[in-house]
Amino acid sequence: MAGFRDFLMRFRPVGLPGPAAAGGVPADRSAELAAELEPRLALLQETEAEARRVREQAAEEAARRRELAERTAAKIVEQARGGAQRVREQSAARIRDATEAETAALLAAAERDVAALRDRVERRMPALVDRVVAGLIEDLAAIDNERQEGSSPRWAPGG
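Computed from a prediction, not measured in an experiment: that's the story for all the values here. (Residues numbered from 1 in each chain as written. Predicted model: local features only at pLDDT ≥ 70, side-chain atom pairs only at ≥ 80, totals over all residues. Heavy atoms only, no water.)

A. Expanded view of the overall build of the protein chain. Scanning the protein chain from N- to C-terminus turns up two helices and zero strands. Residues classed as buried in the protein chain amount to 3% of the 159 residues present. Carbon and sulfur atoms provide 58% of the accessible area of the protein chain, an area that totals close to 14500 Å². (Helix = DSSP H or I, 4+ residues; strand = E, 2+ residues; numbered from the N terminus. Buried < 20%, exposed > 50% of the residue type's maximum accessible area, 1.4 Å probe, protein only. Areas by Shrake-Rupley, 256 points an atom, 1.4 Å probe, with all protein chains shown as cover.)

Pasting the structure below:
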């Protein structure tokens, strides 16, 4: 539909001021613009159709890749779940080995401590026995002296 401006363009003088000229038809700018732009707009339509095809192909490729990624992820998860028990067993074996090694080290340290203690006992025992025997001999001598003097002993069995 022609606009008001196009309507007014009909009454515009055709030529420049000057001698009279042959009558003319006013220029139809809309038709000129349409004739000038139509080939280019047709090219744009082709480009738009090509862009639509590219987008559709990209969407199909994205869907294909997404499906492939989902399958790959599912395989990886399945393999991980299958290997989890093996990893647990390996971890338990490592912990068990470490615990056994630590236990063996503690046992060896305890045996060394026991051997050192026995050695110390064997070295100190004669001197301690001598001191205990000397103390008993003194106590027995004191008890014997007290009996001979007639006084009651400092220490009496069962008393």
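From this point on, the discussion continues.
B. Region of the structure containing helix α2 (residues 29-149). At Arg124, α2 is bent by approximately 40°, the largest bend along its length, and proline Pro126 sits one to four residues beyond. Along α2, the positions that sit buried rather than exposed are Gly83, Ile143 and Glu146. Looking at the residues trailing α2, positive phi occurs at Gly150, about 95°. (Bend = angle between axes of the 7 residues up to and from the residue.)

C. Here's a closer look at the pattern of salt bridges. Under the defined criterion, the tally for this structure stands at five salt bridges. One salt bridge in this structure joins Arg123 and Asp119, with 3.4 Å as the shortest N-O distance. In this pair, Arg123 and Asp119 both sit in helix α2, four residues apart, roughly one turn of the helix. You can call Arg123 exposed: its relative accessible area is 55%. We classify Asp119 as partly exposed; its relative accessible area is 38%. Look at the salt bridges and you will find they share partners, linking Glu61, Arg64 and Arg65 into a network. (Salt bridge = Lys/Arg side-chain N within 4 Å of Asp/Glu carboxyl O.)

D. Region of interest: a nonpolar patch on the surface. Taken together, the side chains of Leu117, Val121, Met125, Val129, Val133 and Ile137 define a hydrophobic patch exposed on the protein surface, amounting to about 490 Å² of accessible area. Examined against the element boundaries, Ile137 turns out to sit in helix α2. For Ile137, a relative accessible area of 53% translates into the label exposed. (Patch = residues over 30% accessible without salt bridge, like charges linked within 9 Å, V, L, I, M, F, W, Y side chains within 5 Å.)

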